[in-house]
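Architecture at a glance
Chain by chain, the residues run as shown.
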Amino acid sequence: MRLGDLPAARRRTVMVLGHEQTGIPPEALDLLDLAVEIPMIGTGASLNVAVAGSLVLYRLAGLL
């Protein structure tokens, strides 16, 4: 799911962050309800995991 389409959390929610290069292991992905994609424009390949996590938490809190 794209970050912009992620609704605010309405119940307790666990967010799993993956390694900046290898992501979340496939066996862990199978246990998740959904995965969030942060679309990138420009030359960067990925965001720092702390920045990505902050964006998702703000979105889950209904602040972004």
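See the structure above.
Assigned secondary structure in the chain consists of two helices and zero strands. The principal-axis extent of the C-alpha atoms belonging to the chain is close to 35 × 30 × 20 Å. For the chain, the proportion of contacts with a sequence separation of at least 24, taken over those separated by at least 6, is 70%. Element-wise, carbon and sulfur atoms account for 56% of the exposed surface of the chain, whose accessible area totals about 5300 Å². Across the chain, the 5 positively charged side chains and the 6 negatively charged ones have centroids separated by 15 Å.

The next thing to look at is the environment of Val49. Looking at the element boundaries, Val49 is found in helix 2 (residues 49-60). Along the primary structure Val49 and Asp33 are separated by 16 residues, whereas in three dimensions their C-alpha atoms are 20 Å apart. Excluding anything up to four places from it in sequence, Val49 contacts Leu17, Gly18 and Glu20.

Glancing now at helix 2. The terminal C-alpha atoms of helix 2 lie 16 Å apart, and with 12 residues this matches the ideal 16 Å at 1.5 Å per residue to within 8%. At the N-terminal end of helix 2, a side-chain oxygen is found 2.7 Å from the backbone nitrogen of Ala50, two or three residues along, and the residue is Asn48. Backbone geometry just after helix 2 places Gly62 at a positive phi near 80°.

Following the sequence through the fold, Val36 ends up in the loop between helix 1 (26-29) and helix 2. Along the primary structure Val36 and Val56 are separated by 20 residues, whereas in three dimensions their C-alpha atoms are 8.1 Å apart. Setting aside residues no more than four positions away along its own chain, Val36 makes contact with Met1, Arg2, Leu3, Leu6 and Val56.

Rules used in this analysis
- Residues numbered from 1 in each chain as written.
- Predicted model: local features only at pLDDT ≥ 70, side-chain atom pairs only at ≥ 80, totals over all residues.
- Heavy atoms only, no water.
- Helix = DSSP H or I, 4+ residues; strand = E, 2+ residues; numbered from the N terminus.
- Contact = heavy atoms within 4.5 Å.
- Areas by Shrake-Rupley, 256 points an atom, 1.4 Å probe, with all protein chains shown as cover.
- Lys, Arg positive; Asp, Glu negative; His and termini not counted.
- Charge placed at Lys NZ, Arg CZ, Asp CG, Glu CD.
- Expected span 1.5 Å × (residues − 1).
- Polar contact = N/O pair within 3.5 Å; in protein donor to acceptor, adjacent residues only side chain to side chain.

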